[in-house]
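Fold and contact review
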Amino acid sequence: MSFLFGNRSSKTFKPKKNIPEGSHQYELLKHAEATLGSGNLRAAVMLPEGEDLNEWIAVNTVDFFNQINMLYGTITEFCTETSCSVMSAGPRYEYHWADGTNIKKPIKCSAPKYIDYLMTWVQDQLDDETLFPSKIGVPFPKNFMSVAKTILKRLFRVYAHIYHQHFDSVMQLQEEAHLNTSFKHFIFFVQEFNLIDRRELAPLQDLIEKLGSKDR
């Protein structure tokens, strides 16, 4: 959410995805920002009374894309073909890219290349009105939840890469509070609606448990 970053001018990795002002989704986003501002993240992620689950997940997915976009945008100079020749999250986890359309067989590539593929792919999904309808009354497709789960699963990998490979740079830039708050919000959200398989979260399991225990 924008309040995490204040009014600083932050470069984003990809163009920010805007939700049209005046739309119902924009109102939902404002509601989410207001409840996030209260500091209770567990309450902030809950489905507001009377709202559509798909729409709530859509609005938050767009917001997480924008947050990760900003966070990765701050450390792109440290994430290079040389420093990150593979897309990894520590020594035990390596990711190969495939989108099922342009690249069907998973390919091994550098982290900046992988994240570029990933964020471009997510952007294409968010811009597709048949998947993420922005107009009132246009229904979400039957496969919406499975698309949203795939997007969130892949966005998690960017957090995992930043934490494992670039946390020193994040600390040098004094961005760790933004990163931690953003990631905590993300994790509470995906846990609330069971959107990412626990095995996929393994690279950051210790951190997830720590963030959760502080909130109990």
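Residues numbered from 1 in each chain as written. Predicted model: local features only at pLDDT ≥ 70, side-chain atom pairs only at ≥ 80, totals over all residues. Heavy atoms only, no water.

With respect to the packing of aromatic side chains
Summed over the entire model, instances satisfying the criterion amount to 15 aromatic pairs. Considering the side-chain rings of W97 and Y117, the 6.2 Å spacing of their centres and the 10° angle between planes classify their relative orientation as stacked. Here W97, found in the loop between β2 (94–95) and α5 (111–127), pairs with Y117, found in helix α5; they are 20 residues apart in sequence, far enough to count as distant. What makes W97 buried here is its relative accessible area of 1%. Aromatic side chains Y163 and F183 sit 5.4 Å apart centroid to centroid with 65° between the ring planes, which places their arrangement in the edge-to-face category. Taken together, the residues span a long stretch of sequence, with Y163 in helix α6 (residues 144–172) and F183 in helix α7 (residues 176–192) at a distance of 20 residues. (Phe/Tyr/Trp six-rings, centres within 6.5 Å; stacked < 30°, edge-to-face > 60°. Helix = DSSP H or I, 4+ residues; strand = E, 2+ residues; numbered from the N terminus. Buried < 20%, exposed > 50% of the residue type's maximum accessible area, 1.4 Å probe, protein only.)

Examining the packing of helix α4 (residues 53–75) against α7
Interaxial distance between α4 and α7 falls to 11 Å at its minimum, and their mutual angle equals 155°. If you check the angle between α4 and α7, you find them roughly antiparallel. Where α4 crosses over α7, the handedness of that crossing is left-handed. Residues W56, I57, N60, D63, F64, Q67 and L71 of α4 lie in contact with α7, whose contacting residues are H178, L179, S182, H185, F186 and F189. (Axes fitted to C-alpha atoms, helices over the stretch in contact; angles between N-to-C directions. Parallel < 35°, antiparallel > 145°, perpendicular 65-115°, else oblique. Left-handed = near helix turned anticlockwise from the far one by under 90°. Contact = heavy atoms within 4.5 Å.)

Digging into the UniProt feature "binding site: Zn(2+)" (unreviewed entry) in the protein chain
Annotation from UniProt places "binding site: Zn(2+)" (unreviewed entry) at C79, C84, H161 and H166. In terms of the greatest pairwise C-alpha distance, the residues named above, spread along 88 residues, form a tight cluster of at most 9.9 Å across. Among the structural elements, C79 can be located in the loop between α4 and β1 (87–88). Its relative accessible area of 4% is what places C79 among the buried residues. Relative to the helices and strands, H161 is located in helix α6. Judged by its relative accessible area of 0%, H161 falls in the buried class. In this structure H161 touches C79, C84, M87, S88, A89, A111, I115 and H166, once residues within four positions along its chain are discounted. (UniProt positions renumbered as here; feature names shortened; annotations may be inferred.)

Some thoughts on α4
Taking 1.5 Å per residue as the helical rise, α4 with its 23 residues ought to reach 33 Å, and the 33 Å between its terminal C-alpha atoms agrees with that figure. Within α4, 21 of the 23 residues are buried, which leaves the element mostly enclosed by the surrounding structure. A distance of 3.3 Å separates the backbone nitrogen of N54 from a side-chain oxygen at the start of α4, and that oxygen is part of D52. (Expected span 1.5 Å × (residues − 1). Polar contact = N/O pair within 3.5 Å; in protein donor to acceptor, adjacent residues only side chain to side chain.)

Topic: the pattern of salt bridges
When charged atoms on two side chains of opposite charge get close, those side chains can pair. Following the criterion strictly, the structure yields 4 salt bridges and no others. For the salt bridge of D197 with R199, the shortest nitrogen-to-oxygen distance reads 3.1 Å. We classify R199 as exposed; its relative accessible area is 68%. (Salt bridge = Lys/Arg side-chain N within 4 Å of Asp/Glu carboxyl O.)

Quick notes on the nonpolar core
Counting 65 residues, the largest nonpolar core has L155, F156, Y159, F183 and F186 as the members making the most contacts within it. If you list the elements that add at least two residues to this core, you get α2 (24–37), α4, α5, α6, α7 and α8 (205–214). Top element by residues in this core is α6. It accounts for 13 residues. Sequence-distant contacts of F156, that is, excluding residues within four places in its chain, are made with Y95, F183, F186, I196, E200, L201, P203 and L204. (Core = buried A, V, L, I, M, F, W, Y, C linked by side-chain atoms within 4.5 Å.)

Some points on the packing of α4 against α5
The contact between α4 and α5 brings their axes to 11 Å, and the two run at 150°. In terms of axis orientation, α4 runs roughly antiparallel to α5. In this structure, α4 crosses over α5, and the sense of that crossing is left-handed. Facing α4, whose interface residues are T61, V62, F65, I68, N69 and Y72, α5 presents P112, I115, M119, V122, Q123 and L126. Split into classes, the residues belonging to the contact of α4 with α5 amount to 9 nonpolar, 3 polar and no charged. (Nonpolar A, V, L, I, M, F, W, Y, C, P; charged D, E, K, R; others polar.)

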